[in-house]
Amino acid sequence: MPVNTKEIADRINALKNQKNAVIMAHYYVADQIQDIADYVGDSFFLAKKATETDADIIVLCGVRFMGESAKVLNPDKKVLIPEIAADCPMAHMATTDSIAEMRSKYDDLAVVCYVNSTADLKAASDVCVTSANALKIVSRLPQKNIFFIPDQNLARYIADQLPDKNFIFNDGFCHVHNSIKADVVKKAKELKPHAPLLVHPECKPDVVALADYVGSTSGIIKYAGESDAREFIVATELGVMHELGKRYPDKSFYPAGPMQICPNMKKLTMEKLLHVLEYEDNQITLPDDIMRDAALPMEKMLKLSK
């Protein structure tokens with residue numbers, strides 16, 4: 001039987017109003033979920049909005065670490081995620097043991113944790129960052145030594161702009177952005193020589209070096225709106241194309257390569273969103289000590305971002 005998307009959307013909206021729930025979605029989830037969400041944004045925007053809502057229930061349409069972040073910032077609210085198996089491999093690409101090892105090796109060390117990480121890693125860190133605010137926050141830290149986890153590509157992008165800091169790189173990466181190859185990007189630029197190349201800093205340094213603009217997902221959207229160009233090549237997850245098309249229907253956007261899809265983000269469906277609102281399962285829960293310790297670097301991020 002074919003799925004009646006409008007009927008599902010109507011039921012979602014009715015349940016949302018009935019239960020005083022708010023739906024927050026990342027740019028990388030399916031188009032229909034973005035369209036029904038109350039807020040759509042990147043990791044920093046969603047983390048900030050989570051602290052401002054008066055809803056009783058937050059439904060976080062993204063991968064698990066995003067639900068954990070919302071819960072850490074809202075310990076008294078119920079946080080649900082439509083697909084509990086939607087996880088981010090990079091979020092696990094560091095360990096608390098490696099953090100302890102670096103603290104023993106380096107004096108004057110700040111452990112900077114990309115928000116794309118587990119609550120356990122956040123709890124062991126000094127401050128969290130997103131791709132949108134990492135440069136600002138790290139530049140404001142008094143420590144000279146920076147252990148940046150888990151993403152090495154974002155870390156190298158920030159390190160290049162802060163030569164006075166000593167960065168210690170972790171070996172984590174986003175498999176979607178890391179798979180975008182420089183030779184493929186060069187071919188895309190040859191096909192569209194007048195189109196600016198917009199690159200997410202989770203991409204490898206040789207791809208970043210080709211960019212006309214480097215920034216977070218929200219930064220890419222903003223740049224495309226402010227640019228006089230009519231065509232753009234986009235090197236990030238293709239879910240952002242939906243927002244770009246909605247905001248700028250008179251402009252054209254092309255992927256930099258063929259594999260820019262996060263399979264975990266795409267696990268979320270309208271049916272799963274409806275289910276989680278109906279039954280309130282897939283609730284994010286964390287140990288009290290992790291909640292407490294992870295809140296400190298998250299709150300420091302929000303403070304230093306102002």
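Residues numbered from 1 in each chain as written. Predicted model: local features only at pLDDT ≥ 70, side-chain atom pairs only at ≥ 80, totals over all residues. Heavy atoms only, no water.

Draft legend 1. Structural detail: the sheet that holds strand 1 (residues 21–26). If you walk across this open sheet you meet the four strands as 2-1-3-4, and the pairing is parallel. Single-partner strands in this sheet number two, and they are strand 2 (39–41) and strand 4 (78–80). Looking at each pair of strands side by side, their axes are set apart by 20° on average, direction ignored. On the sheet, helix 14 (residues 270–279) packs against strand 1, strand 3 (57–61) and strand 4 and is oriented at approximately 160° with respect to strand 3. (Pairing = 2+ DSSP bridges. Helix = DSSP H or I, 4+ residues; strand = E, 2+ residues; numbered from the N terminus. Axes fitted to C-alpha atoms, helices over the stretch in contact; angles between N-to-C directions. Contact = heavy atoms within 4.5 Å.)

Draft legend 2. Just the layout of surface pockets, in detail. One number sums up the size of the largest pocket: a volume of about 150 Å³. Ser131, Ala132, Asn133, Ala134, Leu135, Lys136, Tyr157, Ile158, Gln161, Val214, Gly215 and Ser216 together form the lining of the largest pocket. Within the residue set of the lining of the largest pocket, elements represented by two or more residues are helix 7 (134–140) and helix 8 (152–161). When its residues are assigned to classes, the lining of the largest pocket shows six nonpolar, five polar and one charged. (1 Å grid on protein atoms, 1.4 Å probe; cavity = no way out; pocket = protein on both sides within 12 Å on 5 of 7 lines; lining within 4 Å. Points joined across faces, edges and corners; volume = space filled by probe spheres on them. Nonpolar A, V, L, I, M, F, W, Y, C, P; charged D, E, K, R; others polar.)

Draft legend 3. Molecular detail of the side chain of Asn116. If you trace the backbone, Asn116 turns up in the loop between strand 5 (109–114) and helix 6 (119–123). In contact with Asn116, other than residues within four places in its own chain, are Ser43, Phe65, Met90, Ala91, Pro150 and Glu202.

Draft legend 4. Fine view of empty space enclosed by the protein. Scanning the entire structure with this criterion turns up two cavities of 30 Å³ or more. Estimated volume of the largest cavity: approximately 280 Å³. Around the largest cavity sit 27 residues that line it, and Tyr28, Asn116, His177, Glu202 and Met265 are the ones nearest its centre. The set of elements that each furnish at least two residues to the lining of the largest cavity consists of helix 3 (43–50), helix 4 (64–73) and helix 9 (175–178). Counting residues per element, the lining of the largest cavity draws most heavily on helix 9, at three residues. Broken down by class, the residue content of the lining of the largest cavity amounts to 15 nonpolar, nine polar and three charged. Put simply, the second largest cavity is a space of about 80 Å³. Taken together, Ser43, Leu46, Ala47, Ala50, Leu60, Phe65, Met66, Ser69, Ala70 and Val115 make up the lining of the second largest cavity.

Draft legend 5. Representation of the environment of Ser131 in the model. By secondary structure assignment, the location of Ser131 is in the loop between strand 6 (127–129) and helix 7. On a C-alpha basis, the gap between Ser131 and Lys187 in space is 26 Å, while along the polypeptide they are 56 residues apart. A polar side-chain atom of Ser131 sits 3.5 Å from a polar atom in the side chain of His200. (Polar contact = N/O pair within 3.5 Å; in protein donor to acceptor, adjacent residues only side chain to side chain.)

Draft legend 6. Representation of helix 12 (residues 217–226) within the structure. Of the positions making up helix 12, those classed as buried are Thr217, Gly219, Ile220, Ile221 and Ala224. Summarising the contacts, the buried residues of helix 12 are in contact with strand 9 (197–199), strand 10 (213–214), strand 11 (231–235), helix 13 (240–247) and strand 12 (252–255). (Buried < 20%, exposed > 50% of the residue type's maximum accessible area, 1.4 Å probe, protein only.)

Draft legend 7. Up close: the sheet that holds strand 6. The strand order across the open sheet formed by four strands is 6-5-7-8, and the pairing between neighbours is parallel. Of all strands in the sheet, those with a lone pairing partner are strand 6 and strand 8 (166–169), marking the two edges. If you compare each strand with its neighbour and ignore which way they point, the axes differ by 30° on average. Packing against the sheet, helix 8 makes contact with strand 5, strand 7 (145–149) and strand 8, and its axis sits at approximately 170° to strand 8.

Draft legend 8. Looking closely at unusual backbone geometry. Across the junction of Ile149 and Pro150, the peptide omega takes the value -15°, indicating a cis bond. Secondary-structure assignment places Pro150 in the loop between strand 7 and helix 8.

Draft legend 9. Fine view of the pairing of strand 7. Among the five residues in strand 7, five count as buried, and that is most of the element. Relative to strand 7, strand 5 runs parallel, the two sharing five bridges. From the neighbouring strand, Leu109 faces strand 7, where its bridge partner is Asn145. Across four bridges, strand 7 lies against strand 8 in parallel orientation. Along strand 8, the bridge assignment pairs Phe147 with Ile168. Assessed by its sense of winding, the connection that carries the chain from strand 7 through helix 8 to strand 8 is right-handed. (Right-handed = clockwise from strand over helix to strand, strands pointing away.)

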